[in-house]
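Fold and contact review
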Amino acid sequence: MIQIKNYINGCMAEPASNNYIDNPSPVDGKVFSQIPDSDTTDIEHAVSAAKDAFQSWSKLTKKD
C-alpha cells in the first residue's frame, strides 16, 4: 500500500503526529493508499519553509 507523505522544503516528510488517514477507492471502497493526517505543526513547518525559500525565489526572473 502506498503511504503518501508531506512535501515540505523539497523533502518528503512524515506527518508530525505519525498519523495517516485511509484513502479508499471510490470504485470498490478498498483502501489503496494512506494520506498524512497533518496538523498545525506540519502547516507551521511548511509555511516557515516557504517563507525562507521566498528570499531566493523572489529574485528569479522568467529566464532563470
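One structure accompanies this document, and this report is about it. (Residues numbered from 1 in each chain as written. Predicted model: local features only at pLDDT ≥ 70, side-chain atom pairs only at ≥ 80, totals over all residues. Heavy atoms only, no water.)

**Remarks on the environment of A49**
- Positionally, A49 belongs in helix α1 (residues 40-57).
- Judged by its relative accessible area of 11%, A49 falls in the buried class.
- Taking the C-alpha atoms as reference points, A49 and G10, separated by 39 residues in sequence, lie 9.2 Å from one another.
- Residue contacts for A49: discarding those within four places in its chain leaves I8 and N9. (Helix = DSSP H or I, 4+ residues; strand = E, 2+ residues; numbered from the N terminus. Buried < 20%, exposed > 50% of the residue type's maximum accessible area, 1.4 Å probe, protein only. Contact = heavy atoms within 4.5 Å.)

**Quick word on the sheet that holds strand β1 (residues 2-3)**
- Strand order in this open sheet of 3 strands is β1-β5-β4, and the pairing throughout is mixed. In this open sheet, the two edge strands, each paired with only one partner strand, are β1 and β4 (20-24).
- Summarising the sheet, β4 and strand β5 (residues 31-36) pair through 5 bridges and their orientation is antiparallel. By the bridge assignment for β5, P24 is matched with V31. (Pairing = 2+ DSSP bridges.)

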